[in-house]
Amino acid sequence: MGSKAPALPQVARRPARIVELWRFRQLIGMLVVRELKVRYKRSVLGLLWTMLNPLLLMVVYAVVFTTIMPAAQPNFAVFLLAGLLPWLYFATSLMQGLMSVLVNQELVRKIRLPQAVFPLSVVGSNLVNFTLSFLPLFIMMAALRQPFTPALLFLPAAAVILTLFCAGVTLLFATATVFFRDVRHLTEVLLQMLLYLSPVLYDFRQLGEHRTWWFHLFRLELRINPLSYLIPLVRDPVYYGRLPSLPTLAVALLWAAGALLLGFAVFTRLEPRHIHHL
Amino acid sequence: MRDGQIILEDVGVGYRIYREKVSTLKEAVANRFRHLRTAEKFWALRHVSLQIAPGEAIALVGHNGSGKSTLLKTVAGVLEPSEGAAVTLGRISPMIELGAGFDPELSGRDNVYLNGALLGFSRKQMSAKFQRIVDFSELGDFIDLPVKNYSSGMYARLGFAIAQDVEPDILIVDEVLAVGDERFQEKCKRRIQDFRSAGVTFVFVSHSLPTALELCPRAAVLHHGRLAFDGPTDAAWERYRELERGPAPGPVFQA
């Protein structure tokens, strides 16, 4: 084998990232199962925590907003839960997902595989949690006599759109965290602020009118904030018993598709350099 | 070019080494990020050209830090070379470290499927292999115990049992034969010989001459990231000994 190698067809031989990822789709499923299994292994209540978690949060907020500073609408518990569930799905996916490449660095160092499987499996396991947490929501709705309308059939579509968005943002932040560990702490703070800057605990319609500059700024922020369009995908069918408006749906879809394309493109572009920064 | 072929052409893998320690953002700003500019490149591997034909067996020899692991990682596609080009054709069984990817909380059974998926196998494909893997590993009923309760020997046995059943075109083994008892080591060696006769390319990192001679007719010696020798294993070993005896210069930095 002394002869010079023919021109190296490296690029041609490497399958496109998306094809490679598709080949590893079963791995994503297994990582999701592993995450759920390991997370609840030693806990008595196990998967029940998935449902208790948003419920307990809901109780706290409901007490604050109905007794301490009453600003509430009828059936406020349902209103809150319908906003908290998508918010928690997003926030938890992001916080867990941005660490996922670092957490799995032993594998990244040893086996060649599309690293996107790690953030994506975090989003996947949170999707399972998100889906399961509709059970307590429905129980709450029944208990409070909130009507069940056919608009609820939209929820699977809402879950899909939310998932695309979560996946995109998580991919983007996961790669950023590899290069700058500060991203994790920064995101933690940003998420706390974002909770109040997004219509989770309140609704766009409740804002009314104020003639101050900061209020105009706030409204502008709400108009840009993708969560203003994503949260109604769940809240409109659950609380208002109607489908989200067409413009809301269109903007939500645009944000989801944009986030996913950007997140995937940036992640796969920087992926080969991750190993030098682990 | 066939599956099992490995071509490295003038491969270099460089890391940036920051000489000035900067631990806080404040210092970084105060120095106007000078530490980034004064970074030096450390070449873990440079100007390495190797051609390994399908079915060939080659041993990699070198002192600690000579670049063996970096070379293996480049071949396995985990690292992309910063210079030159590396092409590896076919499925690689990365026995760089046995049991890489085991989740200690999961049972041996779950880990077999997880490990299979990490190597790109579907659940169905792994089901077909499962019994063979358990048999090879000699774990018996322990397969349903969490892996964290395994002894290191059991751990390595399961790791090898999976790696030997993934129909590789290229087998990369990094000193794993040091684990497990002698009888199991013999079994692993026999399995590797099977692979050899089946035409699987074999890349082996070794510190033991007898094992290298037994498994590989050819050896490459790495010395401070350079290819110092490439040829028959016994001659390679002499060269390796020679280099070992010589003065050991520190790592080579180049701006």
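One can find the structure itself at the top, above this paragraph.
Summary of the structure given here.

What counts, and at which threshold
Residues numbered from 1 in each chain as written. Chains lettered and ligands numbered in written order. Predicted model: local features only at pLDDT ≥ 70, side-chain atom pairs only at ≥ 80, totals over all residues. Buried ≥ 20, exposed ≤ 12 C-beta atoms within 10 Å, placed from the backbone. Helix = DSSP H or I, 4+ residues; strand = E, 2+ residues; numbered from the N terminus. Contact = placed C-beta atoms within 7 Å. Nonpolar A, V, L, I, M, F, W, Y, C, P; charged D, E, K, R; others polar. Axes fitted to C-alpha atoms, helices over the stretch in contact; angles between N-to-C directions. Parallel < 35°, antiparallel > 145°, perpendicular 65-115°, else oblique. Left-handed = near helix turned anticlockwise from the far one by under 90°. Core = buried A, V, L, I, M, F, W, Y, C linked by C-beta atoms within 7 Å.

Quick word on helix 4 (residues 108-118) of chain B
- For helix 4 of chain B, a buried count of ten out of eleven residues is recorded, marking the element as mostly surrounded by other parts of the structure.
- In the core, the buried residues of helix 4 of chain B are packed alongside helix 3 (25-39) and helix 7 (105-110) of chain A together with helix 5 (123-137) and helix 6 (152-163) of chain B.
- Positive phi shows up at B:G120, right after helix 4 of chain B, with a value of about 90°.

Here's the deal with the interface of chain A and chain B
- Contacts between the two partners involve 24 residues from chain A and, on the opposite side, 27 residues from chain B.
- Elements with a minimum of two residues in the side of chain A that touches chain B: helix 1 (10-13), helix 3 and helix 7 of chain A.
- The element contributing the most residues to the side of chain A that touches chain B is helix 3 of chain A, with six residues.
- A class-by-class count of the residues in the side of chain A that touches chain B yields twelve nonpolar, three polar and nine charged.

Structural notes on the packing of helix 10 (residues 155-179) of chain A against helix 13 (residues 227-240) of chain A
All names here are of chain A.
- At their nearest, the axes of helix 10 and helix 13 sit 9 Å apart, and the two run at 165° to each other. The orientation of helix 10 with respect to helix 13, classified from their angle, is roughly antiparallel. Handedness of the helix 10/helix 13 crossing: left-handed. Contacts between helix 10 and helix 13 involve L155, A158, I161, L162 and F165 from the first element and L230, L233, V234 and P237 from the second.
- Of the residues that constitute the contact of helix 10 with helix 13, the class distribution is nine nonpolar, no polar and no charged.

As for the nonpolar core
- Ranked by size, the top nonpolar core spans 133 residues in total, and within it A:F165, A:L230, B:L60 and B:F204 carry the most contacts.
- At 14 residues, the largest contribution of residues to this core is made by helix 5 (residues 76-97) of chain A.

Remarks on unusual backbone geometry
- Residue A:N75 is not a glycine yet carries a positive backbone phi of 50°.
- Here A:N75 shows up in the loop between helix 4 (48-68) and helix 5.
- By the C-beta count within 10 Å, which is 16 here, A:N75 ends up partly exposed.
- At B:E167, a position not held by glycine, the phi torsion is positive, near 45°.
- In this structure, B:E167 sits in the loop between helix 6 and strand 6 (170-174).
- According to the C-beta neighbour criterion, B:E167 is partly exposed, with 14 such atoms within 10 Å.

Comments concerning the packing of helix 4 of chain B against helix 5 of chain B
Residues and elements named next belong to chain B.
- It is the contact of helix 4 with helix 5, at a shortest axis distance of 10 Å, that shows an interaxial angle of 130°. Comparing their axes, helix 5 and helix 4 come out oblique. Two packed elements cross with a definite hand, and for helix 4 against helix 5 that hand is right-handed. For the pair formed by helix 4 and helix 5, the contact residues are V112, Y113 and G116 on the first element and R123, Q125, M126, F130 and I133 on the second.
- The residue makeup of the contact of helix 4 with helix 5, split by class, is five nonpolar, two polar and one charged.

Comments concerning the environment of A:P136
All names here are of chain A.
- For P136, the location among the structural elements is in helix 9 (residues 134-143).
- Note on P136: 19 C-beta atoms within 10 Å, which makes it partly exposed.
- Between the C-alpha atoms of P136 and F148, which are twelve residues apart in sequence, the distance is 14 Å.
- Not counting chain neighbours up to four residues away, the residues in contact with P136 comprise M51 and L55.

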